[in-house]
Amino acid sequence: GSLGPGASVLGGGTDAQQNVEALCQRFSLLFAQLHREEGAIKDAAAENERLERRLGELRQEEESQADRCWISQVDGRLGGEAMELRREAQLAEQRAAAGGGEY
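None of the values given here were measured: they were computed from a predicted structure.

Undergrad: I keep staring at the overall build of the chain and nothing clicks. Help me out?
TA: Of regular secondary structure, the chain possesses 1 helix and 0 strands. Sorting the 103 residues of the chain into buried and exposed places 2% on the buried side. On the chain, roughly 9300 Å² of surface is accessible, and the fraction owed to carbon and sulfur atoms is 56%.

This is the structure in structure tokens:
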């Protein structure tokens, strides 16, 4: 006998061909899924980098605000001390002027 199309010496050639086609289709689906997942990982990594940069910016802003707050507090204290020293100097000038006029 002659072998028909899709037949093999071992027999069941059509089944083997269908198995190969099914495997090819399965691999194609798996590679497409792998490609999508790799894209999702790449997107997640880019988003992570963006969030890390934003976190760094927020930390810098927080430090800057803390520095401004501290400077403001120091300025407030120094400003109060400066006003007190001015008052003392004015009183000393007034005492000196009052005392100088008596001589």
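Undergrad: How do you make sense of a nonpolar patch on the surface when you look at a structure like this?
TA: A cluster of nonpolar side chains, contributed by Leu 23, Phe 27, Leu 30, Phe 31 and Leu 34, occupies part of the molecular surface with about 490 Å² of accessible area. Looking at where Phe 27 falls in the secondary structure, it is placed in helix 1 (residues 13–102). Overall, Phe 27 belongs to the partly exposed group, its relative accessible area being 48%.

Undergrad: What should I look at first to understand the pattern of salt bridges in this one?
TA: Note that side chains of opposite charge can pair when their charged atoms are close. All told, the structure shown has 3 salt bridges when counted by the stated rule. With a closest N to O distance of 2.7 Å, Arg 50 and Glu 47 form a salt bridge. Here Arg 50 and its partner Glu 47 are both found in helix 1, 3 residues apart, which amounts to about one turn of the helix. Since its relative accessible area comes to 36%, Glu 47 is described here as partly exposed. Where Glu 57 meets Arg 54, a salt bridge forms, and the shortest distance between an N and an O atom there is 3.2 Å. Of this pair, Glu 57 and Arg 54 both sit in helix 1, 3 residues apart, which is roughly one turn of that helix.

Analysis parameters
- Residues numbered from 1 in each chain as written.
- Predicted model: local features only at pLDDT ≥ 70, side-chain atom pairs only at ≥ 80, totals over all residues.
- Heavy atoms only, no water.
- Helix = DSSP H or I, 4+ residues; strand = E, 2+ residues; numbered from the N terminus.
- Buried < 20%, exposed > 50% of the residue type's maximum accessible area, 1.4 Å probe, protein only.
- Areas by Shrake-Rupley, 256 points an atom, 1.4 Å probe, with all protein chains shown as cover.
- Patch = residues over 30% accessible without salt bridge, like charges linked within 9 Å, V, L, I, M, F, W, Y side chains within 5 Å.
- Salt bridge = Lys/Arg side-chain N within 4 Å of Asp/Glu carboxyl O.

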